[in-house]
Amino acid sequence: FCFFFSGGGRHTRLRRDWSSGVCSSDLDTLMDMQPEECIAYAEIMAAVATCDGKFTPEEMSAYEARTASLLVRPFVRERLQGMMDETIDLDSYLESLSSHGLKLVLRDSILMAACDGRYVDEELQIIGRIASAAGVDEGTLNQLYNWVLEGWAWHHRGHQMLGLEHARISTQ
């Protein structure tokens, strides 16, 4: 058997994250966002990552990977990281995103919220508001959550094959 693996994929520091590789395939999609949309996207992602009062290493790594993929200038990233503890006007940022941007931030927020192995009420509330702004119905939202759970299960199977420890995601 002969296998060929492309060197174009990104690697992630997240020991429990399968999402970075999935999301790297849409780099050109994120690059289509206008600069003000990039800021709104990053601010909403920061709100999801920190809404429970914690900023876990998994969330931090996922956040940095996603904001880096926006190809914003380093000083903008530093500004965004400095704003992590600030309360944002979520509705204002949601209004500044295109339909496309809203759907990307919805998908990525669901992934971000799962990075630490659990969804908490605060994350679910923000995700619900994003879904509403994006016009995404409950059935589609449930499909997105299931997609994340399927990804975690897929990732977990790989860990099991190798005898590695792996955390399970909880919706509690």
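Provided above is the structure to which this section pertains.
Not measured: the values here are computed from a predicted model.

## Thoughts on the overall build of the protein chain
Right, so step 1: Broken down by element type, the protein chain carries nine helices and zero strands.
Right, so step 2: Along the protein chain, helices (α) and strands (β) appear in the sequence α-α-α-α-α-α-α-α-α when read from the amino end.
Right, so step 3: Each of the 172 residues in the protein chain was classed as buried or not, and the buried ones make up 48%.
Right, so step 4: For the protein chain, the computed accessible surface area is about 9700 Å², with 54% contributed by carbon and sulfur atoms.

## Re the environment of Ile126
Right, so step 1: With respect to the element layout, Ile126 can be found in helix H8 (residues 121–134).
Right, so step 2: Judged by relative accessible area, which is 12%, Ile126 ranks as buried.
Right, so step 3: In the structure, Ile126 is positioned 79 residues away from Ala47 in sequence and 8.2 Å away in space, judged by C-alpha atoms.
Right, so step 4: If we skip the residues at most four places from it in the chain, Ile126 touches Ala47, Val48, Cys51 and Leu90.

## Considerations on the packing of aromatic side chains
Right, so step 1: In total, this model carries two aromatic pairs according to the counting rule given.
Right, so step 2: With 6.4 Å between their ring centres and 75° between their planes, Phe55 and Tyr63 make a pair best called edge-to-face.
Right, so step 3: Taking the centre distance of 5.1 Å and the plane angle of 90° together, the rings of Tyr119 and Tyr145 count as edge-to-face. In this pair, Tyr119 sits in the loop between helix H7 (99–114) and H8 while Tyr145 sits in helix H9 (residues 138–162), placing the two residues 26 residues apart along the sequence. Each member of the pair, Tyr119 as well as Tyr145, carries the same accessibility label: buried.

## Thoughts on the packing of H7 against H9
Right, so step 1: Taken N-terminus to C-terminus, the directions of H7 and H9 make an angle of 45°; their axes are 10 Å apart at the nearest point. When the axes of H7 and H9 are compared, the pair comes out oblique. Considering the relative orientation of H7 and H9, their crossing is right-handed. For the pair H7 and H9, contact is made by Leu106, Arg107, Ile110, Leu111 and Ala114 and by Leu141, Leu144, Tyr145, Trp147, Val148 and Trp152, respectively.

## Focus on a nonpolar patch on the surface
Right, so step 1: Side chains of Met161, Leu162 and Leu164 sit close together on the surface and give an oily, nonpolar patch of about 380 Å² of accessible area.
Right, so step 2: Relative to the elements of secondary structure, Leu164 occurs in the segment after H9.
Right, so step 3: A relative accessible area of 48% means that Leu164 is categorised as partly exposed.

## Some words on the nonpolar core
Right, so step 1: Within the largest apolar cluster, 41 residues are counted, with the highest numbers of intra-cluster contacts made by Met33, Leu106, Ile110 and Leu141.
Right, so step 2: Those elements that provide at least two residues to this core are helix H3 (35–50), helix H4 (57–69), helix H6 (90–95), H7, H8 and H9.
Right, so step 3: Sort the elements by how many residues they give to this core and H3 lands first, with ten residues.
Right, so step 4: Sequence-distant contacts of Leu106, defined by excluding residues within four places in its chain, comprise Ile127, Ile130, Ala131, Val136, Leu141 and Leu144.

## Let's talk about the environment of Arg129
Right, so step 1: Residue position: Arg129 is located in helix H8.
Right, so step 2: Look at Arg129 and you get partly exposed, because its relative accessible area is 40%.
Right, so step 3: With 39 residues separating them along the chain, Arg129 and Leu90 place their C-alpha atoms 8.7 Å apart.
Right, so step 4: Not counting residues up to four positions away in its chain, the partners in contact with Arg129 are Leu90, Asp91 and Leu94.

## What about the packing of H3 against H7?
Right, so step 1: Contact pair H3 / H7: the axes reach a minimum separation of 10 Å and the direction vectors enclose 25°. It follows that H3 is roughly parallel to H7 by the angle criterion. Handedness of the crossing formed by H3 with H7: right-handed. Taken together, the residues of H7 that come into contact with H3 (itself represented by Glu37, Tyr41, Ile44, Met45, Val48 and Ala49) are Gly101, Leu104, Val105, Asp108, Ser109, Met112 and Ala113.
Right, so step 2: Across the contact of H3 with H7, the residue classes break down as nine nonpolar, two polar and two charged.

Reading the values: the criteria
- Residues numbered from 1 in each chain as written.
- Predicted model: local features only at pLDDT ≥ 70, side-chain atom pairs only at ≥ 80, totals over all residues.
- Heavy atoms only, no water.
- Helix = DSSP H or I, 4+ residues; strand = E, 2+ residues; numbered from the N terminus.
- Buried < 20%, exposed > 50% of the residue type's maximum accessible area, 1.4 Å probe, protein only.
- Areas by Shrake-Rupley, 256 points an atom, 1.4 Å probe, with all protein chains shown as cover.
- Contact = heavy atoms within 4.5 Å.
- Phe/Tyr/Trp six-rings, centres within 6.5 Å; stacked < 30°, edge-to-face > 60°.
- Axes fitted to C-alpha atoms, helices over the stretch in contact; angles between N-to-C directions.
- Parallel < 35°, antiparallel > 145°, perpendicular 65-115°, else oblique.
- Left-handed = near helix turned anticlockwise from the far one by under 90°.
- Patch = residues over 30% accessible without salt bridge, like charges linked within 9 Å, V, L, I, M, F, W, Y side chains within 5 Å.
- Salt bridge = Lys/Arg side-chain N within 4 Å of Asp/Glu carboxyl O.
- Core = buried A, V, L, I, M, F, W, Y, C linked by side-chain atoms within 4.5 Å.
- Nonpolar A, V, L, I, M, F, W, Y, C, P; charged D, E, K, R; others polar.

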